[in-house]
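Each chain is listed here by its residues.
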Amino acid sequence: VPTRWSITAADDAIAKHLMENIRDYREAEHMAYFGGYLGNYYLIMMLPDVWGYELFEMYMPKASWNTEETIEYTTDYEFHNGRKDYAENCAGGYYAAKLAILEKLEQIKRRASCIVLRFITGEYSVPLGVWVVREATRKALASKPLVFSDKELMLKYAEKLVMKRYGYDANNILRNSVLLKQMKTQKKLMSFA
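First, a word on scope: everything that follows refers to the structure included in this document. (Residues numbered from 1 in each chain as written. Predicted model: local features only at pLDDT ≥ 70, side-chain atom pairs only at ≥ 80, totals over all residues. Heavy atoms only, no water.)

### Re the side chain of threonine 121
- By secondary structure assignment, the location of threonine 121 is in the loop between β7 (113-120) and α3 (130-142).
- Assessed through its relative accessible area of 9%, threonine 121 is described here as buried.
- Polar side-chain contacts of threonine 121 include one of 2.9 Å to the backbone oxygen of glycine 39. (Helix = DSSP H or I, 4+ residues; strand = E, 2+ residues; numbered from the N terminus. Buried < 20%, exposed > 50% of the residue type's maximum accessible area, 1.4 Å probe, protein only. Polar contact = N/O pair within 3.5 Å; in protein donor to acceptor, adjacent residues only side chain to side chain.)

### Digging into α3
- The end-to-end C-alpha separation of α3 is 18 Å, in line with the 18 Å expected for 13 residues at 1.5 Å each.
- Those residues of α3 lying buried are Val130, Val132, Val133, Arg134, Ala136, Thr137, Ala140 and Leu141. (Expected span 1.5 Å × (residues − 1).)

### Describing a nonpolar patch on the surface
- Among the surface-exposed residues, Leu38, Val126, Leu128 and Trp131 lie close enough to one another that they form a single nonpolar patch of about 360 Å² accessible area.
- By the secondary structure assignment, leucine 38 is in the loop between β2 (30-37) and β3 (40-47). (Patch = residues over 30% accessible without salt bridge, like charges linked within 9 Å, V, L, I, M, F, W, Y side chains within 5 Å. Areas by Shrake-Rupley, 256 points an atom, 1.4 Å probe, with all protein chains shown as cover. Salt bridge = Lys/Arg side-chain N within 4 Å of Asp/Glu carboxyl O.)

### Digging into helix α2 (residues 92-108)
- Taking 1.5 Å of rise per residue, 17 residues should cover 24 Å, and α2 covers 25 Å from first to last C-alpha, within 8% of that figure.
- Counting buried positions over the 17 residues of α2 gives 14, a clear majority of the element.

### Description of the packing of aromatic side chains
- For the structure shown, the criterion picks out 10 aromatic pairs.
- Residues tyrosine 86 and tyrosine 95 carry aromatic rings whose centres are separated by 5.6 Å and whose planes lie at 20° to one another, so their mutual orientation is stacked.
- Seen from their ring centres, tyrosine 94 and tyrosine 95 are 5.1 Å apart, and the 75° between their planes marks the pair as edge-to-face.
- Residue classification places tyrosine 94 among the buried residues on the basis of a relative accessible area of 0%.
- Judged by its relative accessible area of 6%, tyrosine 95 falls in the buried class. (Phe/Tyr/Trp six-rings, centres within 6.5 Å; stacked < 30°, edge-to-face > 60°.)

### Observations concerning the environment of asparagine 40
- Relative to the helices and strands, asparagine 40 resides in strand β3.
- Between the C-alpha atoms of asparagine 40 and alanine 15, which are 25 residues apart in sequence, the distance is 21 Å.
- Beyond its immediate sequence surroundings of up to four residues, asparagine 40 is in contact with Gly35, Arg118, Phe119, Ile120, Tyr124, Val132 and Ala136.
- Side-chain polar atoms of asparagine 40 contact the side chain of arginine 118, separated by 2.5 Å. (Contact = heavy atoms within 4.5 Å.)

### Focus: the sheet that holds strand β4 (residues 52-59)
- One open sheet accounts for 6 strands, arranged β5-β4-β7-β3-β2-β8; its pairing is mixed. The two strands at the open ends of the sheet, each matched to only one other strand, are β5 (72-78) and β8 (146-148). The average undirected angle you get between the axes of adjacent strands in this sheet is 15°.
- Summarising the sheet, β2 and β3 pair through 7 bridges and their orientation is antiparallel. Within β3, the position partnered with tyrosine 37 by the bridge is asparagine 40.
- Sheet contacts for α2: β2, β3, β4, β5 and β7; angle to β4, the most-contacted strand, approximately 135°.
- Packed onto the sheet, helix α4 (residues 151-166) meets β2, β3, β7 and β8 and runs at close to 170° relative to β3. (Pairing = 2+ DSSP bridges. Axes fitted to C-alpha atoms, helices over the stretch in contact; angles between N-to-C directions.)

Have a look at this one:
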């Protein structure tokens, strides 16, 4: 078995174990974390809800995987019960970032749906493996979170941060978010009580 597959399998197995506890925790607040490592920057948005996870990996212009002048991205997601198939688009990075996020949720004893924006910049010129993803995510989550009163304020913050740092309209990505669409359309059992 190639080493990269075994690392991803270990990340996935540990994450599934952590998810068992996290499902029973109280919901987190609307929180956003930002930080990075070795040219990989993460904006991690936690929304009070059942577990859900969506990763957008953006390849910035002049990044080694993107020779175009536009931002290219891939995405994968899961809902409350996790994935049944491999995250083909984001591959091992999906599982490495997910593990770091679940470790944080376990630490703070909360559950959340998490929308993650990864910005791969030209600073990251040599691919070093999924450990960079895990460590960059952990470093972002080690920062002090910004807490918001609602989802709209947090998304507005994300829009302004991404525009300021990368000159890009984050709505081009967030309007494709499967988790955000589900939150808009999915009725909760409590709404009928």
